[in-house]
Each structure stands twice: as C-alpha cells, then as structure tokens.
Amino acid sequence: MAKRVLTTESGAPVADNQNSATAGVGGPILLQDQHLLEKLARFNRERIPERVVHARGSGAYGYFEVTDDVTGFTSADFLSSVGKRTETFLRFSTVADSLGGADAVRDPRGFALKFYTEEGNYDLVGNNTPVFFIKDAIKFPDFIHTQKRDPYTGSQEADNVWDFWGLSPESTHQVTWLFGDRGIPATYRHMNGYGSHTYQWTNAEGEAFFVKYHFKTNQGVRSLSADQAAELVGKDANSHQTDLLQAIERGVNPSWTLHVQVMPAAEAADYRFNPFDLTKVWPHSDYPLQRVGRLVLDRNPDNVFAEVEQAAFSPNNFVPGIGPSPDKMLQGRLFAYADAHRYRLGVNHTHLPVNAPRTAVVDNYGRDGLHATRNGSRHDKNYEPNSYAGPAQTDAALAAPLAIHGWTGTHEAPAHTKDDDFFQAGELFRLMSEDEKGRLVANIAGGLSQVTRDDVIEKNLAHFHAADADYGKRVEEAVRALRED
C-alpha cells in the first residue's frame, strides 16, 4: 500500500519532518522554514478557553427511543410515536474543577443531552441531582467563585464555600444531596440524570403543561464513599472517563429510562411550593413519574477534543412543543450557555459536526464571522423580508405563551403556602437510613470543621437545625468533635 504523503496546512508535501532548516550545519534556524513555523504556531493554539463550569467532561453518542405515548402533553415530533428513535449525544461532567481535575470527587455531575431531531437540535441541560444550590441566576457567578480556586491561595477554600452556603439558606437542600451517599457517583453509568429545571410542554391543541425530567439509570445507582473515592483518584484520576469508554467498547451499552412529572399549567399558581424554584422538588405523591422512553449510549467519540470539548449545549435550543418556564435560574441559563460557547468556540460553533443538526435543514440569514462555513451562494440574500424565495417565518409558536403581570423591578420569587428553604432538606434527611445519616453528617462535618471563622460555622449549623432538629444536633456535635481534636 502506498504511503500517505505528509503535507503542510496548504497541502504542499513536507520533505523533512525530523530536522528544521538552518544556516549551514549547526547554524541558526531560518525564518523561511515554513513547515517549522506553521507547526509551532499551530501547536501554540491547540487549546481553547476551557468552560468556566463543567470543564472536565466525557461523552458518547446514542439514541433515544419512545416507549410510551405522551402526545397528550407535547407535540414535539421526536416524541410523536412509540418506537421512534432520535440520535443523541450525551456529555457528563463535574461542575467545579478544571479540565485536568479528577473524576471521582464530591461534586454535582452535569448531564447534558443533545437530541438531533428532525425539527432541529433540542438541548436538555441538567445534572445528576434534581435540585441546585441557588434559585436565581444573578447569584450563579458568586456561587461558582466560591467553588473555584481562591485568587490568593490558588486552592478551593472551605471558608469561601461554607461562607456562601451559610449566607444562602436555600442551599441547604442541595448540600444535603451533595454530602449524602449519592454525592460521589461510582461511574457516570451508575447515576441518574435530571433536567432539574421546570420546562413547558405544549400539545397539539395548545394546552400547556409544566414538566420535570428524570433519567433513571438502568445499571442501578452506585456511589463511592469518601475513602473509596480518594483511593480511586490516586489510582486513576480519569476513572469515569475510562469506565464509560471501556464499557461501550465492550458492547456494554449504558441506558437510562426517561420519566417525566407533568403538572397542568393551571395548577402552578396555587401549588404549595413554587414549582419553578430550582431548590425544590415536586413530591412524586403529587405528580407521579410517567414513563416516556429509553436513552442508550452505544458509540464513543473518535476525538475527545473535537466531539466532547467542542460540544456546545444551550437550554434555549428548543423544538416545537417544548419551551421554557419562569424558573429564574433557567431564564439566566438561556442566555449564559450560548454566550459561553460564542466566546469559547466562536459565533459559528453550531457549524461544528458535533453541534450541527443531523436531519433538520439549517436555513437562515446568519453570515460571516470566524470559521463561517455556511455563507450561501451569490443567489442567496442576507436579509429578510426579500423577494427572492428566501426562508420565511412559520407564524407557529414553539410553545404556549407565559402570562405575565405587575411592575418591572428586582423581585423575590412569589411565596407559595409551603415555601421555605429547609422543609425539603429535612424531608430528605428523614428518608435516610441510620447508616446514611451517619455518613451524611460525617461528610458535612469533615468540610465544615475546616472553616476558620466561628460565625460562618454557626450560620451553617442553624440551617441544619432548621431542616431537622436531629440533623442539626448531629452535625453540631460532629463538627465540635473534629475541631477539638
């Protein structure tokens, strides 16, 4: 078989890839060595800005298959018939650490799913927890700053983490999740995924429903203790990446069953909790899980940088029949996610293969910009309306309109009858076995005892006491014991 010819970026053959051109034997390198200069310049530019959050990730391709009829709730075409399959790409990630961080750490996990539907790409961007630390996007940069490396010490600092949580009582529910037994998944395959936010579904008759997504792992939930995780990180910092890659290579294709909770839109205003509060769950006794379909991962990416690092997800990528809710965290993410990718990858990041629609046709008036690959021909106009048969609007809304009223301004979310920051955290604690409670308390105390300021510790203890008297007492005693050692 003939050897392939090594070329420069412009396609010219390379004569020597072992020795740079010099002025005589042993002389200085020549500026005219185009291959050397191009090779070094390209090497200097191999890295792009990493994600501020969810930097460390893994991903795989697969498909979603509808198993149950949900057309009474949504007109989304990819959910329109039992047996219908849609190609997908799923990216898992840790939240706080950088690209070089370890996988087996105590941190929420991203669960970002792209459906390549016939009506365009639909991105569902969630986590492995059904709730989050905050309920308003204006606090998100501050929260993430507490999780990242301190500007002075260069390390994550317990003082920063717990100071923010102590001043943000709404975090108590997610803190209870994070420091419980599911805080460190054993692998990406052995954890659930959640849309976390509340979304809107609209059926063909225009009826609106609010929904929450639950992807239940068919492998069973498995998690690591703090000691097991520390040992695994020492053996293989890439443990979750390794496990996912090797499982699919062996043909052990991980799968999840998608369920949704469905709330008729008219019930939202009078529900006892604010249904759009990301720090709250909807009890299953109020809105039972309804099965939708099955997600299967069956193909590894060929190139992690091209397909995982450059994968771009945005929760404002909706399709007809699905839309947003008034969730203030979701509303902020509708802008922030797409803007992050415009910064990292450029305004034409949707042209990249992993982000481009598979079956839907892209036809709009977007032009130019860095790395533009779809600029049209001389016959295509770049304005609308036009008289040249260019693409035109459909006049069909993707989702039902949301009713709004009142005065503009900075408002706290409306309080519902049972809204508070501690009740659901206490409910979660009371659901745990004695062994689970013991591990939760030990995990929290291990972090909180490292805080140097007594007032910060007291603020956090007050939250656990407010959630459940026994919860607070146990954490307080455990922190005291560790600080006295």
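Whatever comes next refers back to the structure up there.
Read on for a plain summary of the structure.

How each quantity is defined
- Residues numbered from 1 in each chain as written.
- Predicted model: local features only at pLDDT ≥ 70, side-chain atom pairs only at ≥ 80, totals over all residues.
- Heavy atoms only, no water.
- Core = buried A, V, L, I, M, F, W, Y, C linked by side-chain atoms within 4.5 Å.
- Buried < 20%, exposed > 50% of the residue type's maximum accessible area, 1.4 Å probe, protein only.
- Helix = DSSP H or I, 4+ residues; strand = E, 2+ residues; numbered from the N terminus.
- Contact = heavy atoms within 4.5 Å.
- Phe/Tyr/Trp six-rings, centres within 6.5 Å; stacked < 30°, edge-to-face > 60°.
- Lys NZ or Arg CZ within 6 Å of the ring centre and 35° of its normal.
- Pairing = 2+ DSSP bridges.
- Polar contact = N/O pair within 3.5 Å; in protein donor to acceptor, adjacent residues only side chain to side chain.
- Axes fitted to C-alpha atoms, helices over the stretch in contact; angles between N-to-C directions.
- Parallel < 35°, antiparallel > 145°, perpendicular 65-115°, else oblique.
- Left-handed = near helix turned anticlockwise from the far one by under 90°.
- Nonpolar A, V, L, I, M, F, W, Y, C, P; charged D, E, K, R; others polar.
- Arc of directions from axis to C-beta.
- Expected span 1.5 Å × (residues − 1).

**With respect to the nonpolar core**
Thought 1: Residues Trp162, Trp165, Leu448 and Val475 are the most contacted members of the largest nonpolar core, which totals 39 residues.
Thought 2: Residue assignment for this core shows that the elements contributing at least two residues are α2 (140–147), α3 (158–166), α4 (172–178), α9 (423–431), α10 (434–448), α11 (454–467) and α12 (469–484).
Thought 3: With residues near it in sequence (within four places) discarded, Val475 still touches Val441, Ile444, Leu448, Leu461 and Phe464.
Thought 4: Core analysis: the next-biggest nonpolar cluster, separate from the first, contains 36 residues, Phe78, Phe115, Trp256 and Val319 among them.

**Focus: unusual backbone geometry**
Thought 1: Here the residue pair Glu384 and Pro385 is connected by a cis peptide bond, since its omega of 5° sits within 30 degrees of zero.
Thought 2: Take Pro385: it is sitting in the loop between α8 (328–345) and α9.
Thought 3: Not every positive phi belongs to a glycine, and Ala389 is a case in point at roughly 65°.
Thought 4: Here Asp395, not a glycine, exhibits a phi torsion of approximately 65°, which is positive.
Thought 5: Relative to the helices and strands, Asp395 resides in the loop between α8 and α9.

**Some thoughts on the packing of aromatic side chains**
Thought 1: What the rule picks out here adds up to 32 aromatic pairs.
Thought 2: When the centroid spacing of 6.4 Å and the interplanar angle of 70° are considered together, the rings of Tyr199 and Phe318 count as edge-to-face. Taken together, the positions of Tyr199 in strand β6 (residues 199–202) and Phe318 in the loop between α7 (304–309) and β10 (322–323) put the pair 119 residues apart, joining distant regions of the chain. You'll find Tyr199 and Phe318 in the same group, each marked buried.
Thought 3: An angle of 80° between the planes, with centres 5.9 Å apart, marks the rings of Tyr271 and Phe273 as edge-to-face. One exposure class covers both Tyr271 and Phe273, and it is buried.
Thought 4: Cluster of aromatic residues (ring-pair linked, three or more members): Phe64, Phe78, Phe115, Tyr122, Tyr199, Trp201, Tyr213 and Phe318.
Thought 5: When the ring centre of Phe313 is taken as origin, the NZ or CZ atom of Lys114, which lies over that ring, is 4.8 Å away.
Thought 6: Residue placement shows Arg358 over the ring face of Tyr116; its charged tip is 4.0 Å from the ring centre.

**Here we look at the pairing of strand β1 (residues 57–66)**
Thought 1: By the criterion of burial, β1 is predominantly enclosed, with ten of the ten residues buried.
Thought 2: The alternating pattern of β1 places Gly57, Gly59, Tyr61, Tyr63 and Glu65 on one face and Ser58, Ala60, Gly62, Phe64 and Val66 on the opposite face, and all of these are buried.
Thought 3: Bridge analysis of β1 against strand β2 (residues 85–94) gives nine bridges, and the strand direction is antiparallel. Bridge pairing links Glu65 to Arg85 in β2.
Thought 4: Alignment of β1 against strand β9 (residues 290–299), held across six bridges, turns out to be antiparallel. When the sheet's bridge partners are listed, Glu65 is paired in β9 with Arg294.

**Here we look at the pairing of β2**
Thought 1: Burial within β2 is extensive, with eight of its ten residues counted as buried.
Thought 2: One ladder, built from seven bridges, connects β2 with strand β3 (residues 109–117); its direction is antiparallel. If you follow Arg91 over to β3, its bridge partner there is Ala112.

**Section: the environment of Glu249**
Thought 1: Along the chain, the position of Glu249 falls in helix α6 (residues 239–249).
Thought 2: Judged by relative accessible area, Glu249 falls into the exposed class, the value being 58%.
Thought 3: Taking the C-alpha atoms as reference points, Glu249 and Ala96, 153 residues apart in sequence, are found 29 Å from one another.

**What to know about the side chain of Asn274**
Thought 1: Here Asn274 is to be found in the loop between β8 (255–264) and β9.
Thought 2: On the basis of relative accessible area, Asn274 is assigned to the buried category, the value being 7%.
Thought 3: A polar side-chain atom of Asn274 sits 3.0 Å from the main-chain amide nitrogen of Phe276.
Thought 4: Beyond its immediate stretch of four places on either side in the chain, Asn274 contacts Ala413, Pro414, His416 and Asp419.

**Examining the packing of α11 against α12**
Thought 1: Remark: α11 packs on α12, axes separated minimally by 5 Å, with the N-to-C direction vectors making an angle of 150°. The orientation of α11 relative to α12 falls into the category roughly antiparallel. For the pair α11 and α12, the sense of crossing is right-handed. Counting all contacts with α11, which are made through Asp454, Ile457, Leu461, Phe464, His465 and Ala467, the residues of α12 involved are Ala469, Tyr471, Gly472, Lys473, Val475, Glu476, Val479 and Arg483.
Thought 2: When the residues that make up the contact of α11 with α12 are grouped by side-chain class, the tally is eight nonpolar, two polar and four charged.

**Comments concerning α6**
Thought 1: Those residues of α6 lying buried are Ser239, His240, Asp243, Leu244, Ala247 and Ile248. Mapping the buried residues of α6 onto a view down its axis gives an arc of 150°, with all of them on the same face.
Thought 2: Structurally, α6 contributes buried residues whose contacts are with β1, β2, β3, α5 (226–235) and β9.
Thought 3: Phi for Gly251, located one or two positions after α6, is positive at around 85°.

**What about the packing of α2 against α3?**
A pair of packed helices is characterised by two quantities: the angle between their axes and the separation of those axes.
Thought 1: Contact pair α2 / α3: the axes reach a minimum separation of 7 Å and the direction vectors enclose 145°. Contacts from Asp142, Phe143, Thr146 and Gln147 in α2 reach Asn160, Val161, Phe164 and Trp165 in α3.
Thought 2: In terms of residue class, the contact of α2 with α3 is made up of four nonpolar, three polar and one charged.

**Quick notes on the side chain of His35**
Thought 1: Structurally, His35 can be placed in helix α1 (residues 34–44).
Thought 2: There is a polar contact of 2.8 Å between the side chain of His35 and the side chain of Asn17.
Thought 3: Excluding its chain neighbours within four sequence positions, the residues that come into contact with His35 are Thr8, Val14, Asp16 and Asn17.

**Details of α10**
Thought 1: Over its 15 residues, α10 runs 21 Å from end to end, which matches the ideal 21 Å to within 8%, given 1.5 Å per residue.
Thought 2: Lys437, Leu440, Val441, Asn443, Ile444, Ala445, Gly447 and Leu448 are the residues of α10 that are buried.
Thought 3: Contacts from the buried residues of α10 go to α3, α4, α5, α9, α11 and α12.

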